[in-house]
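The lines below spell out each chain.
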Amino acid sequence: MKTITRSITVAAKHLYLIPLVLSMYSCNHTTKQTIAITDMSSSDSTVDLSHMIQLADTLYDSKKISLWTSDRLSNKFESLYLKYENDKTNSAASLDYQIVMDMGMMSHPGPSYPLVNLGNGVYRADVVFNMANIKDMGKGWLFKTIVKEEDKTDTLIFSLPVHQDSFTRTLLTKTKRNDQLFVSCLLPQEVKVGKQTIAFVLSKKDKEILSNVDDYTVAIEPFMPAMKHGSSENEHAKSIGNGKYSGMIHFSMPGEWIVKVKLMKDKETLSEDTLIYTVKVK
Ligand SMILES: [Cu+2]
């Protein structure tokens, strides 16, 4: 059997157009936006694309493929949602994806989890963007959607606008057991003063394939460098499954804080370095 392979490149929508695009879509394409589905594989119970940003979409043959995210993309752990619609209901397709950083002179794959099928033609792709796009240097991050049907494979390429955050939220560390782990702190860049939940995602990196890590404790210590003090009433982040960890952190006053993080197992520190996340407290 002959396999046809073709490649379609789709430009991402400019982010400044999103408010306009969203309002336009809510008038014309309401049926395509109100998809609420249950994500069986994670603790987030539902994924509602109607509250998300559509990064790109394309129509080809009788198919429509679109890519969604809950907020603008930056250099950290991100969940992307792929929606596949086909007018021909009887044709079965299998989907896969690949993340590639195109830097012009060279390109390299990026760290990502296997695609999760959420049902109803929606798939989740969890990715760690370990860098932002660099201006004037290649196409930046590309999302390659691979659609396999009986006799052909199509590759659709979406370019992704991945911005640089002021404060890095994903750090790579090595453990004493020689694992390479991405430690992603899910705090926004800016938070409100007071006691609040702090969440992390631990991703074990084996080449560019990521997998969940659930058997650590993420030890946290908030510190305010300008005034050289910490705070009380903090709780280390414990595993809640699917590579996610949740704890409590207390930012007792406004200003710039750092969160010092160590990975522990049975009271032993296993991360080789202390990871530092900066956060602006308002
Ligand atoms: Cu202070």
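Above this text is the structure in question.
Rules of the game
- Residues numbered from 1 in each chain as written.
- Predicted model: local features only at pLDDT ≥ 70, side-chain atom pairs only at ≥ 80, totals over all residues.
- Heavy atoms only, no water.
- Helix = DSSP H or I, 4+ residues; strand = E, 2+ residues; numbered from the N terminus.
- Buried < 20%, exposed > 50% of the residue type's maximum accessible area, 1.4 Å probe, protein only.
- Contact = heavy atoms within 4.5 Å.
- Areas by Shrake-Rupley, 256 points an atom, 1.4 Å probe, with all protein chains shown as cover.
- Phe/Tyr/Trp six-rings, centres within 6.5 Å; stacked < 30°, edge-to-face > 60°.
- Pairing = 2+ DSSP bridges.
- Donors = N, O, S within 2.8 Å, 3.2 Å for Na, K, Ca; no water.
- Tetrahedral: all angles 85-135°; square planar, octahedral: opposite > 155°, others 65-115°.
- Axes fitted to C-alpha atoms, helices over the stretch in contact; angles between N-to-C directions.

### Examining the overall build of the protein chain
- Counting its secondary structure elements, the protein chain contains 2 helices and 25 strands.
- Going through the 282 residues of the protein chain one by one, you find that 46% of them count as buried.
- Excluding contacts between residues fewer than 6 apart, the proportion of contacts in the protein chain whose partners are at least 24 apart in sequence is 61%.
- Roughly 14,400 Å² of accessible area belongs to the protein chain as shown, and the carbon and sulfur atoms make up 52% of that amount.

### Some remarks on the packing of aromatic side chains
- As enumerated under the stated definition, the model contains 5 aromatic pairs in all.
- Relative to Tyr113, the ring of Phe77 has its centre 6.4 Å away and its plane inclined at 80°; by these criteria the two rings are edge-to-face. Residue Phe77 is found in strand β7 (residues 77-86), and its partner Tyr113 is found in the loop between β9 (107-109) and β10 (116-119); the two are separated by 36 residues along the sequence. Judged on exposure class, the residue Phe77 and its partner Tyr113 are both buried.

### Brief notes about the pairing of strand β4 (residues 53-60)
- For β4, a buried count of 6 out of 8 residues is recorded, marking the element as mostly surrounded by other parts of the structure.
- Taken together, β4 and the strand that follows it, strand β5 (residues 63-69), pair antiparallel across an intervening segment of 2 residues, in which Asp61 is found at a positive phi of about 50°.

### Brief notes about the coordination of the copper ion
- Bound to the copper ion on the protein side are Met224 (SD), Met227 (SD), His229 (NE2) and Met253 (SD), at distances that span 2.0 to 2.6 Å.
- Geometry at the copper ion is tetrahedral, judged from the 4 donor atoms that bind it and their angles of 100 to 129° at the metal.
- We note that the donor set of the copper ion lies within a single chain, spaced as M-x2-M-x1-H-x23-M. Pair noted here: His229 is in the loop between β20 (217-223) and β21 (235-241) and Met253 is in the loop between β22 (244-251) and β23 (255-265), with a separation of 24 residues, a long-range link.
- The class of His229 is partly exposed, set by a relative accessible area of 21%.
- Exposure remark for Met253: the relative accessible area of 24% places this residue in the partly exposed category.

### Focus: the side chain of Lys63
- Residue placement: Lys63 occurs in strand β5.
- For Lys63, a relative accessible area of 3% corresponds to the buried category.
- Apart from residues no more than four positions distant in its own chain, Lys63 is found in contact with Thr58, Tyr84, Glu85, Asn86, Glu149, Lys152 and Asp154.

### A few points about the sheet that holds β4
- Spatial ordering of the open sheet is given by β4-β5-β7-β11-β10, a layout of 5 strands whose pairing is antiparallel. Only two strands of the sheet have a single partner each, and these edge strands are β4 and β10. Between one strand axis and the next, the sheet turns by 25° as a mean value, whatever way the strands run.
- For β10 and strand β11 (residues 122-128), the ladder comprises 3 bridges, and the chain directions are antiparallel. Counted as the bridge partner of Gly119 is Val122 from β11.

### Overview of unusual backbone geometry
- You will see that Asn120, though not glycine, has its phi angle at about 55°, which is positive.
- The residue Asn120 is located in the loop between β10 and β11 in this model.
- Judged by its relative accessible area of 58%, Asn120 is exposed.
- A positive phi angle, near 45°, is found at Asp266, a position not held by glycine.

### A few points about the environment of His229
- The spatial distance from the C-alpha of His229 to the C-alpha of Trp257 is 9.7 Å, given a sequence separation of 28 residues.
- Those residues in contact with His229, other than ones at most four positions away along the chain, are Phe223, Met224, Ser252, Met253 and Trp257.

### Quick notes on the pairing of β5
- Of all 7 residues making up β5, 7 are buried, and the element is well covered by its neighbours.
- The alternating pattern of β5 places Lys63, Ile65, Leu67 and Thr69 and Lys64, Ser66 and Trp68 on opposite faces, both of which are buried.

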